[in-house]
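Single-letter residue listing:
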Amino acid sequence: MLDALAHRIANQLLKRLPGPQITVGTGTPIVSFTFDDVPDTALSAGARILEAHEARGTFYIAAGLLGREEADRRLIGAEGCRELARRGHEIGCHTFAHGNLRDLSRRELTRDLDRNREALAEIVPGPAPRNFAYPYNSAALRHRPALSQRFRSARGGVTGINRGPTDRTYLRSFPLQQPETSVGQLHAVIDELVRAPGWLIFFGHDLAETPTPYGCTPQSFEALVRHARDSGCTILTIDQALDRFAAAA
Ligand SMILES: [Zn+2]
């Protein structure tokens, strides 16, 4: 209860004290599909569905979780990361140990982010991850400088469409999670985006016939991607979207 309250206050503060800004100026509705952690079904179903629509996604990896077997899901391993990168998806950073940033000192966070970068460098050759997602959507104001220095963006948990001046250390997003009816309602958010273009970011976890509370079914996900496509949205990874806004600025 207290924790939920602290979470809400931290989010309110972040909304009121905007950090380093970018301008999301676009006449075209832009949608990004992202996955956190990453469960194996986000690769087997999520990446496959995106590719079927000629789109790519951003997958935020916490290397400390790679290959982990949990009660209701299995997370991808090193080979899964390579597979995503090979198929043109973006690999983002989700910390190494998936800790709550509010519990970490600056030094602990730096160490953790270095560790994730080193672990991913061994798995996926090429540049270090350029974009970040907060574990548990839990942001901390005091870590904003470290994150903004290291990453182009950080995705947070306040829901909304990104438009105009946007705090790049606290991108707004919508969860792709149970109940299925709430995923179905996200079609209306795409319609809203089409009416007033901006940048709409979705984040999901597993895509399973019997999803965890943080996941949804592949059918719901497919319908949403199709709706974005059919409505004339351009689907981009987080990094591609930022390139586009930078070029337009
Ligand atoms: Zn996570």
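Rules and cut-offs
- Residues numbered from 1 in each chain as written.
- Predicted model: local features only at pLDDT ≥ 70, side-chain atom pairs only at ≥ 80, totals over all residues.
- Heavy atoms only, no water.
- Helix = DSSP H or I, 4+ residues; strand = E, 2+ residues; numbered from the N terminus.
- Rg over C-alpha atoms; globule rule 2.2 N^0.38 Å.
- Buried < 20%, exposed > 50% of the residue type's maximum accessible area, 1.4 Å probe, protein only.
- Axes fitted to C-alpha atoms, helices over the stretch in contact; angles between N-to-C directions.
- Parallel < 35°, antiparallel > 145°, perpendicular 65-115°, else oblique.
- Left-handed = near helix turned anticlockwise from the far one by under 90°.
- Contact = heavy atoms within 4.5 Å.
- Nonpolar A, V, L, I, M, F, W, Y, C, P; charged D, E, K, R; others polar.
- Donors = N, O, S within 2.8 Å, 3.2 Å for Na, K, Ca; no water.
- Disulfide = S-S within 2.5 Å.
- Salt bridge = Lys/Arg side-chain N within 4 Å of Asp/Glu carboxyl O.

**What to know about the overall build of the chain**
Okay, so step 1: From N to C terminus, the chain includes nine helices and ten strands.
Okay, so step 2: In terms of overall size, the chain behaves like a compact globule, its C-alpha atoms giving a radius of gyration of 17 Å where 249 residues would be expected to give roughly 18 Å.
Okay, so step 3: With the C-alpha coordinates of the chain rotated into their principal frame, the extents come out at 45 × 40 × 40 Å.
Okay, so step 4: Counting all 249 residues of the chain, 53% fall into the buried class.

**Observations concerning the packing of helix 2 (residues 40–52) against helix 8 (residues 218–230)**
Okay, so step 1: Closest axis-to-axis distance for the helix 2/helix 8 pair is 10 Å, and the angle between their directions is 25°. With respect to their mutual orientation, helix 2 and helix 8 come out roughly parallel. Taken as a pair, helix 2 and helix 8 cross one another with a handedness that is right-handed. Contacts between helix 2 and helix 8 involve Ala 45, Gly 46, Ile 49 and Leu 50 from the first element and Pro 218, Phe 221, Glu 222 and Val 225 from the second.
Okay, so step 2: Residues belonging to the contact of helix 2 with helix 8 are distributed by class as follows: six nonpolar, one polar and one charged.

**Things to note about unusual backbone geometry**
Okay, so step 1: Residue Val 38 follows Asp 37 across a cis peptide bond; omega there is 10°.
Okay, so step 2: The residue after Gln 178, namely Pro 179, is reached through a cis peptide bond having omega -5°.
Okay, so step 3: The topology assignment puts Asp 37 in strand 2 (residues 30–37).
Okay, so step 4: Under the relative-accessibility criterion, Asp 37 is labelled buried at 4%.
Okay, so step 5: Of note in this structure, Asn 137 is not a glycine but carries a positive phi near 55°.
Okay, so step 6: Inspection of the secondary structure assignment puts Asn 137 in the loop between strand 5 (131–133) and helix 5 (144–150).

**Considering the packing of helix 7 (residues 186–195) against helix 8**
Okay, so step 1: Closest axis-to-axis distance for the helix 7/helix 8 pair is 10 Å, and the angle between their directions is 15°. The angle between helix 7 and helix 8 places the two elements in the roughly parallel class. As for how helix 7 packs across helix 8, the hand of that crossing is right-handed. Seen from helix 7, the contacting residues are Leu 186, His 187, Ile 190 and Asp 191; seen from helix 8, they are Ala 223, Leu 224, His 227 and Ala 228.
Okay, so step 2: Residue composition of the contact of helix 7 with helix 8, grouped by class: five nonpolar, two polar and one charged.

**Some thoughts on the coordination of the zinc ion**
By definition of the ideal shapes, four donors in a tetrahedron about a metal sit 109.5 degrees apart, and six donors in an octahedron sit 90 or 180 degrees apart.
Okay, so step 1: Within the first shell, the zinc ion binds the protein through Asp 37 (OD), His 94 (NE2) and His 98 (NE2), at distances of 2.1 to 2.2 Å.
Okay, so step 2: Read from N- to C-terminus, the donor residues coordinating the zinc ion fall into the pattern D-x56-H-x3-H. Each member of the pair, His 94 together with His 98, is buried.

**Some details on the state of the cysteines**
Okay, so step 1: For the structure on display, the rule yields zero disulfides.
Okay, so step 2: For the unlinked cysteine Cys 216, the closest cysteine sulfur is that of Cys 233, found at 17 Å.
Okay, so step 3: Classification of Cys 233 as buried rests on a relative accessible area of 4%.

**Here's the deal with the pattern of salt bridges**
Okay, so step 1: The tally for this structure, following the rule as stated, stands at 17 salt bridges.
Okay, so step 2: Between Arg 144 and Asp 167 there is a salt bridge; the shortest N-O distance is 2.9 Å. Residue Arg 144 is found in helix 5, and its partner Asp 167 is found in strand 7 (residues 164–167); the two are separated by 23 residues along the sequence.
Okay, so step 3: When its relative accessible area of 11% is taken as the criterion, Arg 144 is described as buried.

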